[in-house]
Each structure stands twice: as structure tokens, then as C-alpha cells.
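Chains, contacts and geometry: an overview
The chain contents come next:
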Amino acid sequence: MGVNLRKINDWTWEIPREADMLVSGRVFSSAALLASIRDDLSLEQVRNVAHLPGIVGHSLAMPDIHQGYGFPIGGVAATREVDGVISPGGVGYDINCGVRLVTMALDERDVSARLDALVGALYAAVPAGVGASSGFRKLGESELRKVVTEGARWPVAHGHGDADDLLHIEEGGCLEGAEPDAVSAQAYARGREQLGSLGSGNHFLEVEVVDEVFRPDVADVLGLRKGGVVFAIHSGSRGLGHQVCTDYLRVMDRAMAKYGITLPDRQLACAPLRSEEGQAYFRAMKAAANFAWANRQTMTGLALGAFERVFGMGRGALGVRLLYDVCHNIAKIEEHVVEGASMRVCVHRKGATRAFPPHHPLTPVAYREVGQPVFIPGDMGRCSYVLVGQPRGMEECFGSSCHGAGRLLSRQAALKAGAGRRLQEELLERGVHVRARGVKTLAEEMPEAYKDVSEVVSVMDALNLTHIVARLRPIACVKG
DNA sequence: ATGTCC
């Protein structure tokens with residue numbers, strides 16, 4: 001066992017192409033971060049992904065890489081649109097899991113005395129937990145089919161947010177080409193009561209303070225000022241997206257035999273992008289992605305209602321502005337330069353965020369001069385980061401960045417380490433008001449269960465793949 | 001991540 005890892009520089013490592021690999025592997029990491037994954041199979045997974053038909057560039061991994069289903073979490077793989085494959089394992093079970101950040105006119109001193117009330121109000125406003133049901137209302141299948149077609153536009157049309165929000169969401173909050181018929185009745189059944197619900201695990205609502213600004217000019221453009229309060233949501237497509245993934249893994253398993261594709265791991269199940277099966281998955285994936293954007297948009301409306309009630313002021317007085325919303329579990333057709341030639345590729349980002357540079361046509365107009373914003377949640381006790389995309393990231397990793405801290409302890413190990421501890425009180429002593437629906441969640445998600453996110457983003461910055469703009473410190477947190 | 005085992 002073991003993977004042949006060759007050091008290129010302090011933060012770049014190569015898995016040389018050998019045997020049936022179509023490209024080499026490339027891992028952006030530090031020696032210390034690599035040491036934390038020595039007991040999992042994520043590097044083997046990077047090597048396995050290099051066998052995908054049509055893969056170009058390298059099988060890539062970000063510094064927060066850890067083992068996932070087939071593909072590593074923190075992995076990026078681009079396949080040729082004309083003759084490459086698409087794989088549900090390269091997107092993940094939580095299709096369009098992502099993060100959005102809302103800035104406000106409030107400063108820390110305006111909210112510090114009311115945090116207990118605020119976290120309570122947020123907890124009451126947004127349903128959380130595994131089986132959590134809708135913060136909106138139960139939807140009929142015909143309504144749900146509109147949601148998966150329209151994405152974030154749907155809640156905006158139904159009282160949650162305004163049209164300006166859509167300009168500050170990746171893809172405008174809606175991937176074109178979603179096909180409601182490609183989503184199973186079972187997926188709709190699971191989703192009909194889940195619009196506007198947080199979910200569980202690492203998903204959260206968080207009130208944070210801008211703790212440190214590293215690039216003031218960029219922070220100004222993004223509307224971030226030291227001491228300012230921001231609100232973050234990390235969530236995805238809930239049971240609907242999970243069911244889409246499950247449904248199409250089965251479809252892909254059959255397609256592998258049909259198209260004569262053999263791969264080192266069955267969990268990499270895939271089909272040619274241009275096949276019937278590949279297109280069906282892609283269209284269903286887009287539908288689930290749109291549901292996730294509608295979900296985060298709905299939750300934003302619900303959560304801002306809580307802010308309004310606690311502080312007795314409206315959205316205007318609160319100075320609410322959606323900074324941006326990014327996804328980190330998705331596959332998209334994009335134009336990239338590969339070996340000197342421009343080509344259309346299907347970029348799988350699993351636990352990796354798009355990070356387009358300044359002046360890229362898909363970088364939102366408001367941020368065209370500074371680059372696309374990226375949000376990197378750390379853990380609930382330490383900090384999170386705001387980054388922006390850089391040209392080097394386009395050249396090295398298809399305009400992508402890391403997505404988080406990455407787990408250090410398994411859920412089970414974290415549960416054991418948290419046994420007998422009063423984590424809620426410990427976090428309060430660190431200045432974080434936490435409310436969790438499940439007692440187990442708090443232990444599984446405790447700060448010690450995660451790598452140091454500062455180390456992760458410093459690798460990205462050192463390589464100029466993305467730049468660090470600001471560090472955020474949590475002051476209130478709602479978990480599922 | 002997830003109606004955490006159809």
C-alpha cells in the first residue's frame with residue numbers, strides 16, 4: 001500500500017503517473033497537513049481519480065483533503081466535455097452543499113449583549129437536525145418542480161429576499177438545464193418538507209465578527225470592515241440531493257458495464273457526459289443544486305426575520321447585503337486552458353470551491369476588479385476566512401480553492417473525545433454562544449475534531465491560488 | 001452529508 005508522493009515545493013506534491021493512470025496527481029498541502037491524513041485513503045483516491053476517462057490536467061487535491069466516497073473530499077477533476085465522463089462520486093451526496101455570507105451595518109458592540117436572545121431566535125426560526133421539516137411550508141410536487149427549475153429565484157418570488165440577491169450568488173442561484181423529470185418521486189417526497197431547513201453535521205448558521213483584515217482594498221470592495229457583524233449559512237440540498245445521488249449511483253453502476261468502463265474503485269462509477277445516463281445525472285444534479293440555492297435563500301429570509309425581531313429594526317436599518325453564495329459540491333461545464341489550448345471541460349469540485357480571478361467574465365460584476373469571493377468555514381470555536389480567486393488558480397487547478405478545515409478526528413473519535421465534557425459551556429467561555437439540536441452533534445463538531453483552517457488557507461495563499469482577505473471570528477452558532 | 005440499515 002501507500003502512494004508514491006514526490007515533493008515539487010513546500011506546498012505542492014505530485015503522485016507520478018504510473019500504470020493505467022491517465023494523468024498525474026497533484027496535491028496542494030504542507031508536510032504538517034499531509035501528516036494528518038496518513039491514516040486515511042485520500043491519496044489513493046487522488047490516484048484512482050486519475051483513471052477517469054477524459055480527465056485532463058491532473059487529479060487535484062486541496063490542502064483540506066480527506067477520504068470521501070470514491071473521490072476525496074477536497075478534490076478537483078476536470079474531464080473533456082466531448083469524450084469525458086461525469087461521476088456522482090465526484091460531486092458528493094450533498095449536491096451543492098455551500099456557504100453564503102451576509103454583511104450587516106451592525107458592529108460587535110451592537111450585538112454582544114443580545115447574543116443569547118439572537119441565537120435562540122435563530123434556532124427557533126430555522127428548523128435544524130437530520131429529520132428537520134420545512135421552515136417554509138409543505139410543498140406539492142408541482143411547486144417543488146418549479147423550485148428545482150428556478151433555484152434561488154423561487155423563494156425571492158415568494159417573499160424571501162429581493163432580486164438584487166440573485167446578482168450575488170454563484171450562477172445567479174440557478175443552473176440552467178435542470179430537468180425536473182430526471183428527479184425521482186422519492187427525491188421529491190424527501191424534499192417537499194425540507195425547503196428552508198438547515199440539516200445536520202457540519203451545517204450551521206453562524207454570527208461572526210470580522211476579526212482581522214489582511215487585504216484592506218479588497219475587503220472594502222466586499223463590504224467587510226474590522227469589527228463588523230456578518231451572518232453565514234452552510235447547508236445543502238438535504239434529502240432531495242441525497243436521493244438524487246443515491247438514484248444515479250445505481251444508474252451509473254449499470255452504465256459502467258454498458259460503456260465498458262473499468263476503474264480501480266467501484267465508487268468512481270460514472271458515464272460518458274454525452275451519454276443518456278450522463279446527461280440524466282447532470283440534469284438531475286442541476287435540479288438538486290437549484291434546490292440547495294433555494295434552501296439557503298429561504299433560510300436567509302427566515303434568519304433575517306430573527307435578526308429583525310431581536311434588534312427591533314428592519315432589513316434596511318440592519319444594512320443587510322448578501323456578499324456572495326458559493327457551492328463546494330458540484331460539477332460544471334467551464335472553459336479552461338489545458339496544455340496551451342482552450343477547451344470545455346466538466347469540472348468536478350467535491351469539497352472544493354470555485355475561485356475565479358479578477359476580470360473573469362463569470363466573476364460577479366461587483367467584484368470584477370478583486371476576484372470571486374470564497375468562504376472557508378473553520379470550526380465553531382476558532383475562525384473562518386474570506387478569500388478571493390487569483391489568476392494562478394486558473395492555471396493550476398481550474399479556478400478552484402479549498403472549502404474548509406477538513407476533519408482531524410472521525411465522528412466516532414470526536415464523540416469519544418467529547419464524552420463527559422460540557423462543550424456548550426466551554427464554547428461560551430471562548431465567546432461563542434452555541435445552540436445545537438442534537439447533543440451528539442456538538443461533540444462530533446467540536447473544534448478539536450477539525451484541522452486548523454488557518455494552516456489550510458495559508459497553503460492556498462502561499463501558492464497564490466487564492467488570496468486571504470479577512471479572518472472571521474464566530475460569536476453565535478446554530479447546529480443541527 | 002443522510003428518513004445515519006429496505
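Everything in this summary refers to the structure shown in the same document. (Residues numbered from 1 in each chain as written. Chains lettered and ligands numbered in written order. Predicted model: local features only at pLDDT ≥ 70, side-chain atom pairs only at ≥ 80, totals over all residues. Heavy atoms only, no water.)

**Considerations on the sheet that holds strand β2 (residues 12-15)**
Adjacent strands of a sheet form backbone hydrogen bonds with each other and so pair up, either parallel or antiparallel. With mixed pairing, seven strands are arranged side by side in an open sheet as β1-β2-β3-β4-β5-β13-β12. With one partner strand each, in any of the chains shown, β1 (6-9) and β12 (329-338) form the two edges of the open sheet. Each neighbouring strand pair of the sheet contributes to a mean axis angle of 25°, computed without reference to strand direction. The pairing of β1 with β2 spans three bridges and is antiparallel. Each residue of the ladder has a partner; that of Lys7, found in β2, is Trp13. (Pairing = 2+ DSSP bridges. Helix = DSSP H or I, 4+ residues; strand = E, 2+ residues; numbered from the N terminus. Axes fitted to C-alpha atoms, helices over the stretch in contact; angles between N-to-C directions.)

**What about the layout of surface pockets?**
One number sums up the size of the largest pocket: a volume of about 1200 Å³. Around the largest pocket, the lining is made up of 49 residues, and of these Ile73, Gly201, Asn202, His203 and Arg411 lie nearest the centre. In terms of residues, the lining of the largest pocket owes the most to one element, helix α9 (residues 238-258), which gives three residues. (1 Å grid on protein atoms, 1.4 Å probe; cavity = no way out; pocket = protein on both sides within 12 Å on 5 of 7 lines; lining within 4 Å. Points joined across faces, edges and corners; volume = space filled by probe spheres on them.)

**As for the protein's contact with DNA strand B**
What surrounds DNA strand B is a group of 16 residues, the closest being Val130, Arg190, Gly201, Asn202 and Arg238. In DNA strand B, atoms within 4 Å of the protein come from the sugar-phosphate backbone in 58% of cases. One nitrogen or oxygen atom from the main chain of Ser200 is found 2.8 Å from a phosphate oxygen belonging to DNA strand B. Take Arg238: an N or O atom from its side chain is 2.8 Å from a phosphate oxygen of DNA strand B. Contributing elements (two or more residues each) for the surface near DNA strand B: α7 (185-191) and α9. Of all the elements, α9 adds the most residues to the surface near DNA strand B, at four residues. Partitioned by chemical class, the residues of the surface near DNA strand B number two nonpolar, 10 polar and four charged. (Near = heavy atom within 4 Å. Polar contact = N/O pair within 3.5 Å; in protein donor to acceptor, adjacent residues only side chain to side chain. Nonpolar A, V, L, I, M, F, W, Y, C, P; charged D, E, K, R; others polar.)

**Let's talk about the pairing of strand β16 (residues 384-389)**
Judged by how many residues are buried, β16 sits mostly within the fold: six of six residues are covered. Residue alternation in β16 divides its side chains into two sets, Ser384, Val386 and Val388 and Tyr385, Leu387 and Gly389, and both sets are buried. Pairing of β16 with strand β19 (residues 466-479) involves six bridges; the strand directions are antiparallel. The partner of Ser384 across the bridge, within β19, is Leu472. (Buried < 20%, exposed > 50% of the residue type's maximum accessible area, 1.4 Å probe, protein only.)

**Some remarks on the packing of aromatic side chains**
A full pass over the atoms with the stated rule returns five aromatic pairs. Ring centres of Phe231 and Phe307 lie 5.5 Å apart, and the angle between their planes is 75°; this geometry places the pair in the edge-to-face category. Of this pair, Phe231 sits in strand β9 (residues 228-235) while Phe307 is found in helix α10 (residues 276-311), placing the two residues 76 residues apart along the sequence. The burial state of Phe231 is the same as that of Phe307; both residues are buried. In this structure an aromatic cluster arises from ring pairing among Phe231, Phe307 and Phe311. (Phe/Tyr/Trp six-rings, centres within 6.5 Å; stacked < 30°, edge-to-face > 60°.)

**A closer look at the environment of Arg344**
Mapped onto the secondary structure, Arg344 falls in strand β13 (residues 341-350). Separated by 12 residues in the primary sequence, Arg344 and Lys332 have C-alpha atoms spaced 9.9 Å apart. With residues up to four places along the chain from it excluded, the contact list for Arg344 reads Thr79, Arg80, Glu81, Ile333, Glu334 and Glu335. Engagement of the side chain of Arg344 in a polar contact is seen with the side chain of Glu81, the distance being 2.8 Å. (Contact = heavy atoms within 4.5 Å.)

**Considerations on empty space enclosed by the protein**
Counting across every chain of the model gives two cavities of 30 Å³ or more. Quantified by volume, the largest cavity comes out at close to 60 Å³. Contributing to the lining of the largest cavity are Val99, Leu101, Phe204, Glu208, Ala232, Phe375, Ile376, Pro377, Ser384, Tyr385 and Leu472. Only β7 (98-107), β8 (204-213), β15 (373-376) and β16 provide two or more residues apiece to the lining of the largest cavity. Per-class residue counts for the lining of the largest cavity are nine nonpolar, one polar and one charged. As for the second largest cavity, its lining consists of Val49, Ser59, Leu60, Phe71, Pro72, Gly75, Val76, Ala77, Gly90, His348 and Lys350. Elements that contribute at least two residues to the lining of the second largest cavity include exactly β4 (55-66), β5 (73-80) and β13. Among the elements that line the lining of the second largest cavity, the one with the most residues is β5, at three residues. Residue classes in the lining of the second largest cavity are distributed as six nonpolar, four polar and one charged.

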